[in-house]
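Here's the letter readout for the chains.
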Amino acid sequence: MNQKTIPVRLTPEHSHQHEGERLCMSRRQFLLSGGVTIALIGLGSLPGMVQAAQLLKASYPRQKIGSLPALKTGVPLDFNYPYPDVRNILVKLGVEAGGGVGVQKDIVAFNQQCTHMGGPLDGTYKQEHQVLGPCPLHLTVFDLTHHGMVTSGHATESLPQIVLEIQDDDIYAVGVMGLVYGYSAMTSQRTV
């Protein structure tokens, strides 16, 4: 079977770029993109937007959950916080992470229940990719370097991230960003 190549040339009315010209943004595209940028910047300056973002973080009593000398890169430690039945993971990722603490900003902690249907994520940490998952129910995977963001699967919410502080060589949990599965609010009462 012999294949032939047929050259195709666009006529000027079908081509927005002529030979030797560079691609340019139209005035309409420029004005629309500029307007969108200004609108997004303006939304961040609204007083209510700052308070709404702060509502996602709940403070709890400070609890020691580990120490820097005992923490090894890629080896997770389990702990319960802020309640005895809420399972979490503390891990030194070895790469800078959103919300990370420590000299390299690579120490993070997350809840170990999938935000989709509460599937257990215990034992699913993958060091080579810094992810937690897949969830055994619907295979959701969460990126621990980007605030527990969903990378694949059915979940639509990021994993709740435990807010950490370091004092001397001790690591403390001081709050939770996000809503732990099974709770209607981050309070002392669990919803059924």
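See the structure shown above.
It should be emphasised that the depicted structure is a prediction, and the values quoted were computed from it without experimental measurement.

Draft legend 1. Inspection of the environment of K105 at higher detail. You can see K105 is positioned in the loop between β3 (87-92) and β4 (107-111). Between the alpha carbons of K105 and V95 there is a distance of 7.6 Å; along the sequence they are 10 residues apart. Apart from residues lying up to four places away in sequence, K105 is in contact with V95, E96, A97 and G100.

Draft legend 2. Fine view of the packing of aromatic side chains. Applying the stated criterion to the full structure yields 3 aromatic pairs. Consider the rings of Y83 and Y183, whose centres lie 5.4 Å apart with planes at 25°: the pair is stacked. Placement of Y83 in the loop between β2 (77-80) and β3 and of Y183 in the segment after β10 (170-177) is noted, with a sequence separation of 100 residues between them. Among the residues examined, Y83 registers a relative accessible area of 13% and is labelled buried. For Y183, a relative accessible area of 4% corresponds to the buried category. What links up through ring pairs into an aromatic cluster is the set Y60, Y81, Y83 and Y183. Here the guanidinium or amino end of R62 rests over the ring plane of Y172, the centre of that ring lying 4.0 Å away.

Draft legend 3. Expanded view of the sheet that holds strand β7 (residues 141-143). Read across the open sheet, the 4 strands follow the order β5-β6-β7-β8; overall the sheet is antiparallel. Where the open sheet ends on each side, the last strands, each with one partner, are β5 (125-126) and β8 (149-152).

Draft legend 4. Main features of the nonpolar core. L90, I162 and L164 are the most contacted members of the largest nonpolar core, which totals 19 residues. When contributions to this core are tallied by element, the ones reaching two or more residues are β1 (57-67), β4, β9 (161-167) and β10. Setting aside chain neighbours within four positions, we find L90 in contact with I65, G66, L71, V75, P76, L77, F79, I107, V108, A109, L164 and I171. Counting 15 residues, the second-largest nonpolar core is a separate cluster that includes I89, V108, Y125 and L132.

Rules used in this analysis
Residues numbered from 1 in each chain as written. Predicted model: local features only at pLDDT ≥ 70, side-chain atom pairs only at ≥ 80, totals over all residues. Heavy atoms only, no water. Helix = DSSP H or I, 4+ residues; strand = E, 2+ residues; numbered from the N terminus. Contact = heavy atoms within 4.5 Å. Phe/Tyr/Trp six-rings, centres within 6.5 Å; stacked < 30°, edge-to-face > 60°. Buried < 20%, exposed > 50% of the residue type's maximum accessible area, 1.4 Å probe, protein only. Lys NZ or Arg CZ within 6 Å of the ring centre and 35° of its normal. Pairing = 2+ DSSP bridges. Core = buried A, V, L, I, M, F, W, Y, C linked by side-chain atoms within 4.5 Å.

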